[in-house]
Every structure is written in structure tokens, then in C-alpha cells.
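# What the coordinates show
Below, each chain spelled out in residue letters.
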Amino acid sequence: MPELPEVETVRRGLEPAMVGARFRAVEQRRADLRFPLPENFAERLTGERVERLERRAKYLMAWLDGDTVLAMHLGMSGRFTVVHSGAPDRPGAIANVPTGDAAHDHIVFHMSNGATVLYNDVRRFGYMDLIESAQLPDHKLFRDLGVEPLGDELSPEFLAHACRAKQTSLKAALLDQRLIAGLGNIYVCEALYRAKLSPRRGADSLATKAGAPTARTQRLVAAVKDVLDDAIEAGGSSLRDYQQADGSLGYFQHSFAVYGRAGLSCARKSCRGRVQRIVQNGRSTFFCASCQR
DNA sequence: CGGCATACCTGCAAGC
DNA sequence: TGCTTGCAGGTATGCC
């Protein structure tokens, strides 16, 4: 499930277990996830202290003392679970319950503060690497990433300019990590719905008018930010409950306006349309053709 | 180069 | 019930 809001929710959940602590031991139960893990992965992590845990696009970035970054991507099915809290005496501390799916617990971090962090990934589309911070700008996976959607860089001016000559749909343009980094299939559908824009519209229809971004473009940028903000807020409020329950950090079932709702009536009271599912670039798109133009 | 299909891997639900 | 098929929110890769 992880798109930007879920990754941000996981980041916040992992922070108390990892930041400030050292890797006391690291269990690496297989040689690869999506890619081979780096040579001596466990050995290189052991003894390192986590300075801070950041998010870039859909990546979690643990900055280590030695100027190295542990980059983690959850792929499609990656999950973190904190089994032992780093702060067991705190009210509402994380319960000590395993995931129940040990077969896919591929990586285990044993932290110096007593926290144990499991990385579970059924499909193994996830990814971890150790990158020297100086190499980060040139790293294959990071050098082409576009702007953070929640930052000031994503403005109507930016989006209009980035899309001005695009020969593809608005849907595909918003999913392109080289333009905006962190949106995935769900939130692109949801943002287009909020902005009342058809996913089939050409991306170049966001072009500026007389040098200024159109109202349509402003609406879309606002919708992108709003939908992500709302999902993060919902994730944050669910996180506390989730941690108390079983330590899972992740995602809970958000309620979506269009995603996964093919055949149901449009959520807009003023609209009598139905949500439909189409396929664009091999991915499902959900939208209401009557209010999304 | 841009745009697109394909592949990676496993589990699950739907359909026959 | 059991088997097959299609589908899944990720991105790297290669082809045109």
C-alpha cells in the first residue's frame, strides 16, 4: 500500500524505536529483496547510530553517524513492525506481538534501546541500500527524482512548466516520479477527483495562459497537497491505535473517494455519475467521467 | 530523449 | 471443491 502518506506514517512510527539508538545486531535472512543487499550489510550497520530518519519521495532514509545513509523502499508489500518498544515503560507503549508472518520477515534490526524492528515483505519488491552521503546525488535511484509534492517546489508554476510539452495523459504525468516524487496510483486518482479533472486529459492542458498558471492548474496542485495532507493526518491518528494493537506501522484502510470504487455512485452530492475503472499505461484508473473533466 | 510495455514475486479473489 | 486467471498500491529496464 505504501505511497507517500504511508511512508511518512511509517517514518513517524519508527522514529522512537530507531532515532538515537544504535544497531546492536542486524539479522539478514536472505541475500536479496528486490536487489541484492549490499555486501556485508549487517556488519556495516552494526554499531552505527541513527542520527535521524527522513523521508524522500517513497524512500525512508536513516542517516547514520558515519556519513552513510540506509535507504529503504517498501515496494508494494513492505511493512515494518516494532516488536519491542524502545520505551517499554511509557504509557501506550508498543505491545510485544509478532507479525504472524515470520516467513516473510527478511530483515530484523535489534536496536541498542531494546527495540526490535522487523522488515516483512511478501512480494520482495522492497529495497535497502547503504549509500555514502556524498554519492547520494549521483545515485541511480535518487538523481532523477522530482520535487516533493508537499514542499514549496510543487507550485502551479512548476507543474504547468513541467507539463507544457508532455505528450501523455495527466494521470501518467502525475505518476511520473521524475516530475513529482511520491505520488502513486491511489493518490493520483484521488487528487484528480478532488480537482475535478479527467485522468485522460492531456498533461499539456495545464499550460500557462498569458504566462500565469490557470485556475485548473492551481486547483490540481492544491488537490495534490490536500489529499496527501489528509492521508498523513489520518495515518498519524491511526498510528497510535495501530501500535497499541500489534506494533504494525503502516497503513490502515483509508477511505477513498474513487479508488477501488468502480461501479459505485460518485461521492459528490451534486453529481449523479458513477465511478468507472479504466486502464492507462497498464495501471487501473478510477474516476467519475461526469464530474471530472 | 520521451513514452510505453514488460518484468520482478507472491497471495488472493473471482470465475469456471 | 479445485483449478486457472487476473489483479495488486512499487520501479528498473529495454524497446520503439
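So, a few notes on the structure that sits alongside this text.

How each quantity is defined
Residues numbered from 1 in each chain as written. Chains lettered and ligands numbered in written order. Predicted model: local features only at pLDDT ≥ 70, side-chain atom pairs only at ≥ 80, totals over all residues. Heavy atoms only, no water. Helix = DSSP H or I, 4+ residues; strand = E, 2+ residues; numbered from the N terminus. Buried < 20%, exposed > 50% of the residue type's maximum accessible area, 1.4 Å probe, protein only. Contact = heavy atoms within 4.5 Å. Core = buried A, V, L, I, M, F, W, Y, C linked by side-chain atoms within 4.5 Å. Near = heavy atom within 4 Å. Polar contact = N/O pair within 3.5 Å; in protein donor to acceptor, adjacent residues only side chain to side chain. Nonpolar A, V, L, I, M, F, W, Y, C, P; charged D, E, K, R; others polar.

### Here's the deal with the environment of F256
- In this structure, F256 sits in the loop between strand 9 (248-249) and strand 10 (275-280).
- Residue F256 is classed as buried on the basis of its relative accessible area of 16%.
- A sequence separation of 29 residues divides F256 from V227, and the C-alpha atoms of the two residues are 10.0 Å apart.
- Discounting residues that sit within four places of it in the chain, F256 has contacts with I186, Y187, E190 and R261.

### Some remarks on the nonpolar core
- In this structure, F23, L70, F80, F109 and M128 are the most contacted members of the largest nonpolar core, which totals 31 residues.
- The biggest single contributor to this core is helix 1 (residues 4-18), with 5 residues.
- Ignoring any residue separated from it by four or fewer positions in sequence, one finds M128 in contact with L33, L37, P38, F41, L70, A71, M72, F80, I107, F109 and Y119.
- With 28 residues, the next largest nonpolar core counts A191, L192, A195 and V221 among its residues.

### Some words on the protein's contact with DNA strand C
- Near DNA strand C, the surroundings consist of 22 residues, among which L141, G184, Y259, R283 and S284 are the closest.
- R34 places a side-chain nitrogen or oxygen 3.0 Å from a base oxygen of DNA strand C.
- Between DNA strand C and G75 there is a distance of 3.5 Å, counted from a sugar or linking oxygen to a backbone nitrogen or oxygen.
- At the level of secondary structure, the elements contributing two or more residues to the surface near DNA strand C comprise helix 5 (185-194) and strand 11 (283-288).
- For the surface near DNA strand C, the per-class residue count stands at 9 nonpolar, 6 polar and 7 charged.

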